Amino acid sequence: MMLYGLPRPVEEVDAIAVMSGLGEHWRVTDAVRAWNNSPDVDHLLIAGANRDEKSFVEPTLENLARPPFNLTRTEGVHAQPHALHTPDQAEWLVGKFQDLDVESAALYVSPYHLFRAYGTVLKSMIKSDVRIPVIPMPVSVSPDTATPETGVMPWEAIDGEVRRISAYQEKGDVATFGELREYISWMWRQPLLQAHDLSR
């Protein structure tokens, strides 16, 4: 709950990042819309999907320029051609944070998957000794919209996400509660968020 209470100054970050997958084009569509409308954001980072998915679309500039994505700003766009799973996406994103000297980012993911995806990115940052503010951005999509790849409604996917969080924390792929709590407290002390703290 504390994660979802963070301010969302997307237009002020260095990079807009998105973790694609499962044919949920709305993840990329929402991120691209924000990117097209945020000329001061320097980078759009698109973590790839698994090419074995039947709904896979390679994130080339040509494909991204077409509906439903409608990319109009091409300079500064970086896309991972393919990713096996969420940790693979997270490692790629954190590598790009380092390569591009990104100092803040907004992370777009479908709401039901955002908490695990965010925890995976945070764990990857911890492993890589990277610490930047990452703003969680739940994608604007109805929870009654079935995931194209599986046909499952987000409501029904939540239980599996909760079980995966616990299992992947034990594996060391997802941040622990303590790591997340400390990071969120640190986030609130950063200028990017302090300017939007309504208690100040």
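That block above? That's the structure.
Residues numbered from 1 in each chain as written. Predicted model: local features only at pLDDT ≥ 70, side-chain atom pairs only at ≥ 80, totals over all residues. Heavy atoms only, no water.

Chemist: For this particular structure, what's the right way to read the environment of Val-28?
Modeler: On the secondary structure map, Val-28 appears in helix 1 (residues 25-36). A sequence separation of 26 residues divides Val-28 from Met-2, and the C-alpha atoms of the two residues are 25 Å apart. Apart from the residues lying within four places of it in its own chain, the contact partners of Val-28 are Val-18, Ser-20, Ile-46, Leu-64 and Phe-69. (Helix = DSSP H or I, 4+ residues; strand = E, 2+ residues; numbered from the N terminus. Contact = heavy atoms within 4.5 Å.)

Chemist: Please clarify how the side chain of Glu-53 should be interpreted in this entry.
Modeler: Inspection of the secondary structure assignment puts Glu-53 in the loop between strand 2 (43-47) and helix 2 (61-65). Only 2.9 Å separates the side chain of Glu-53 from the backbone nitrogen of Leu-22, close enough to count as a polar contact. Setting aside residues no more than four positions away along its own chain, Glu-53 makes contact with Gly-21, Leu-22, Gly-23 and Glu-149. (Polar contact = N/O pair within 3.5 Å; in protein donor to acceptor, adjacent residues only side chain to side chain.)

Chemist: Would you explain the packing of aromatic side chains in this entry?
Modeler: Pairs of aromatic rings are described using the distance from one ring centre to the other and the angle between the two planes. Taken as a whole and judged by the stated rule, the model has two aromatic pairs. Ring centres 6.3 Å apart and planes at 55° place the aromatic pair Tyr-118 and Tyr-183 in the tilted group. Placement of Tyr-118 in helix 4 (residues 111-127) and of Tyr-183 in helix 6 (residues 177-188) is noted, with a sequence separation of 65 residues between them. In this structure, Tyr-118 and Tyr-183 share a single accessibility class: buried. With a centroid separation of 5.6 Å and an interplanar angle of 25°, the aromatic rings of Tyr-183 and Trp-186 are classed as stacked. Taken together, the positions of Tyr-183 and Trp-186, both in helix 6 and three residues apart, correspond to about one turn of that helix. Trp-186 shares its class with Tyr-183; the two are buried. Ring-pair connections join several aromatic residues into one group, and the members of that group are Tyr-118, Tyr-183 and Trp-186. Over the aromatic face of Trp-35 sits the side chain of Arg-73, whose NZ or CZ is 3.6 Å from the ring centroid. (Phe/Tyr/Trp six-rings, centres within 6.5 Å; stacked < 30°, edge-to-face > 60°. Buried < 20%, exposed > 50% of the residue type's maximum accessible area, 1.4 Å probe, protein only. Lys NZ or Arg CZ within 6 Å of the ring centre and 35° of its normal.)

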